[in-house]
Amino acid sequence: MKKYLFLFPSLLLFTPFTKAQCPTAPITFANQAQINSFPTTYPNCTVIPDGVDIKIMGGDITDLSPLSQLTAALGLLEIRNCSLLQDLNGLHNITYLGNDALDGFILRDLPALNSLAALNKLDSVYGEFTIRTCNALNTLTGLNGFTKENGSLIIRDNGTLQDLNGLDSLVYIGETLELIGNPQLNSVASLGKVNTIVGGIEGGVFIEANIGLSNLTGLGNISTTIGSNLDITLNSNLNLCNVPSICKYLADPPINAVITISANKVDCNTQTEILAKCALKTKETNILKDNITASPNPFQDHFSISSKNSEALNIEVMDIFGTTLKKFNITGKENCDLTNYPSGIYILKFINSKGQETVIKILKL
């Protein structure tokens, strides 16, 4: 018994000693010498605790390798105004960053940074993840293990960024996707696995002033849910916006969402233009079309369906994704009320007794 009693208090003494090996207050590394001293000052520190923000801001900082013992940081990690820093070697063991909405990971004003390869183990960020004004960075390759952004993903003002390669595993964004002012960005295809963009009061999707972007192909998929707002503006070469995620969103926008679509190329300038293109993916057929009319088209809340056929026709009213909203039969003429449905393209499918079908598209303003 004496042996165990002796060991127990020694453990109590050892535990707080090891926890004290990490900084307990926010710390700013202003030069390379301070970075170099980290493993000596905090030899057993692997996880920066919650509430301790780490800022790396120094004109002579070129090497982060002395930080290689770190596997996570539960506060804010900000690397900014390091004019000579070319890579993030030293952060290669970090798997997650942040613990609440005020935390995150900020890479900003790093003119020499040309690689994110050291972030290959990073799985998730809680709080804001910003990559801004990193003008030597032309791809995000290195983030290939990154799956979850619990706050906002902000990628803006990166002068040579051409694609989002590296975000191929990302499936969840907790608030906002912001792609703004990246003049050479020509593809968002790496976002194809994103299934959820939560939004929030000021959140949603913001795609602005990316003058090299011609299409939104790969922005999510048919299952993607976008909450809150949508802003697609000032992308002067953007003319393909009718991707499944955007079509789904515009067909039934969230309540109180702010939608701004303007100053892009034709077919991406208004909600109506994009919805019209979404509807073109549903092919009209005309086996019975000469004997059927739907008017007015476009309509406000109500329209009429008239048939010259003497037999009864089965009618389905569907949204652009093929979801049936109404079913009824007509012989002659019937009124249809879509007052409680959002503006957009709707599909009318007519089926006669022989199973022959006619599909007509109609637009609600």
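About the thresholds
- Residues numbered from 1 in each chain as written.
- Predicted model: local features only at pLDDT ≥ 70, side-chain atom pairs only at ≥ 80, totals over all residues.
- Heavy atoms only, no water.
- Helix = DSSP H or I, 4+ residues; strand = E, 2+ residues; numbered from the N terminus.
- Rg over C-alpha atoms; globule rule 2.2 N^0.38 Å.
- Contact = heavy atoms within 4.5 Å.
- Areas by Shrake-Rupley, 256 points an atom, 1.4 Å probe, with all protein chains shown as cover.
- Lys, Arg positive; Asp, Glu negative; His and termini not counted.
- Charge placed at Lys NZ, Arg CZ, Asp CG, Glu CD.
- Pairing = 2+ DSSP bridges.
- Axes fitted to C-alpha atoms, helices over the stretch in contact; angles between N-to-C directions.
- Disulfide = S-S within 2.5 Å.
- Buried < 20%, exposed > 50% of the residue type's maximum accessible area, 1.4 Å probe, protein only.
- 1 Å grid on protein atoms, 1.4 Å probe; cavity = no way out; pocket = protein on both sides within 12 Å on 5 of 7 lines; lining within 4 Å.
- Points joined across faces, edges and corners; volume = space filled by probe spheres on them.
- Right-handed = clockwise from strand over helix to strand, strands pointing away.
- Core = buried A, V, L, I, M, F, W, Y, C linked by side-chain atoms within 4.5 Å.
- Phe/Tyr/Trp six-rings, centres within 6.5 Å; stacked < 30°, edge-to-face > 60°.

Q: What am I meant to see in the overall build of the protein chain here?
A: Looking only at helices and strands, the protein chain features five helices and 26 strands. For the protein chain, the C-alpha radius of gyration of 28 Å lies well beyond 21 Å, the compact-globule estimate for 365 residues. Seen through its principal axes, the protein chain has C-alpha atoms that stretch 100 × 60 × 30 Å. Of all intrachain contacts in the protein chain linking residues separated by at least 6 positions in sequence, the fraction that spans at least 24 positions is 65%. Total accessible area on the protein chain is roughly 16700 Å²; 53% of this is exposed by carbon and sulfur atoms. Within the protein chain, one finds 25 positive and 32 negative side-chain charges whose respective centroids are separated by 7 Å.

Q: Got a minute to help me understand the sheet that holds strand β21 (residues 302–307) in this structure?
A: Within a sheet, neighbouring strands are paired by backbone hydrogen bonds and run either parallel or antiparallel to one another. Read from one edge of the open sheet, three strands run β20-β21-β24, paired in antiparallel fashion. The sheet is open, and its two edges are formed by β20 (292–295) and β24 (333–337), each paired on a single side. Here the strands of the sheet are splayed against their neighbours by 20 degrees on average, with no regard to which way each runs.

Q: Help me understand the state of the cysteines in this model?
A: Throughout this description, disulfide means a covalent bond between two cysteine sulfur atoms. Summed over all chains, the structure comprises three disulfides. Paired through a disulfide, C22 and C45 show a sulfur-sulfur distance of 2.0 Å. Across the disulfide from C22 to C45, rotation about the S-S bond amounts to roughly 105 degrees, and the bridge is consequently right-handed. Of this pair, C22 sits in the loop between α1 (2–19) and β1 (27–29) while C45 sits in the loop between α3 (38–41) and β2 (47–48), and the two are 23 residues apart along the sequence. When sorted by exposure, C22 lands in the same class as C45, which is buried. In this structure C82 is a free cysteine whose sulfur lies 10 Å from that of C134, the closest cysteine sulfur available.

Q: Help me out: how do you make sense of empty space enclosed by the protein in this one?
A: Rolled over the atoms, a probe sized like a water molecule indicates the empty space that remains. Evaluation of the coordinates by the stated rule reveals one cavity of 30 Å³ or more. Looking at the largest cavity, its volume works out to about 60 Å³. What lines the largest cavity is F29, F38, I48, I54, L67, L70, A73, L77, L91 and I94.

Q: Whenever I open this one, the pairing of strand β17 (residues 229–233) confuses me. Can you help?
A: If a strand is regular, its side chains alternate between the two faces of the sheet. Counting buried residues along β17, five of its five residues qualify, which places the element largely inside the surrounding structure. Of the two faces of β17, the one lined by N229, D231 and T233 and the one lined by L230 and I232 are each fully buried. With five bridges connecting them, strand β15 (residues 204–208) and β17 associate as parallel partners. Bridge pairing in β17 places V205 opposite L230. Sheet topology places β17 next to strand β18 (residues 259–262); four bridges connect them, and they run parallel. Bridge pairing in β18 links I232 to I261. With helix α4 (residues 244–251) bridging β17 and the parallel β18, this β-α-β connection has right-handed handedness.

Q: What should I look at first to understand the nonpolar core in this one?
A: Within soluble globular proteins, side chains that are nonpolar tend to cluster in buried spots. Residues I56, I79, L88 and F105 are the most contacted members of the largest nonpolar core, which totals 80 residues. Ranked by residue count, the leading element in this core is α4, at five residues. If we ignore the near neighbours within four places in the chain, the residues touching L88 are L64, I79, L107, L113, S115, L116, A118 and L119. Counting residues in hydrophobic clusters, the runner-up holds 17 residues, among them I305, F328, C336 and I362.

Q: What's the story with the sheet that holds strand β9 (residues 128–132) in this structure? I'm lost.
A: The strand order β1-β3-β5-β7-β9-β11-β13-β15-β17-β18 describes an open sheet built from ten strands, whose pairing is parallel. Of all the strands in the sheet, the pair left with one neighbour each is β1 and β18. Mean inter-strand twist for the sheet, computed between neighbouring axes without regard to direction, equals 5 degrees. Pairing of strand β7 (residues 104–108) with β9, which is carried by five bridges, proceeds in the parallel orientation. Looking at the pairing, F105 lines up with F129 of β9. Together, β17 and β18 form the strand contacts of α4, whose direction differs from that of β17 by roughly 125 degrees.

Q: It is not clear to me how unusual backbone geometry should be interpreted in this structure. Could you clarify?
A: Generally, phi is negative for residues other than glycine and the peptide bonds are trans, each holding for most cases. Of the consecutive residues S295 and P296, the connecting peptide bond is found in the cis state with omega at -5 degrees. Put simply, N297 and P298 share a cis peptide bond, and its omega is 10 degrees. For P298, the location among the structural elements is in the loop between β20 and β21. Of note in the backbone geometry, T133 takes a positive phi value of approximately 55 degrees without being a glycine. Within the secondary structure, T133 is located in the loop between β9 and β10 (148–149). With a relative accessible area of 22%, T133 lands in the partly exposed category. Although it is not a glycine, D157 sits at a positive phi angle of roughly 60 degrees. In this structure, D157 sits in the loop between β11 (153–156) and β12 (172–173).

Q: Explain the packing of aromatic side chains to me, please; I cannot follow it from the model alone.
A: Each aromatic ring pair is specified by the distance between its two centres and by the angle formed by the two planes. Tallied over the full model, the rule gives five aromatic pairs. Centroid distance F38 to Y42: 5.3 Å. Interplanar angle 45 degrees. Geometry classified as tilted. Relative accessible area serves as the criterion here: at 18%, Y42 is assigned to the buried category. A ring pair is formed by F129 and F146, whose centres lie 5.4 Å apart and whose planes are at 90 degrees; its orientation type is edge-to-face. Of this pair, F129 sits in strand β9 while F146 sits in the loop between β9 and β10, placing them 17 residues apart in sequence. Side by side, F129 and F146 carry an identical accessibility label, which is buried. Ring-pair connections join several aromatic residues into one group, and the members of that group are F29, F38 and Y42.

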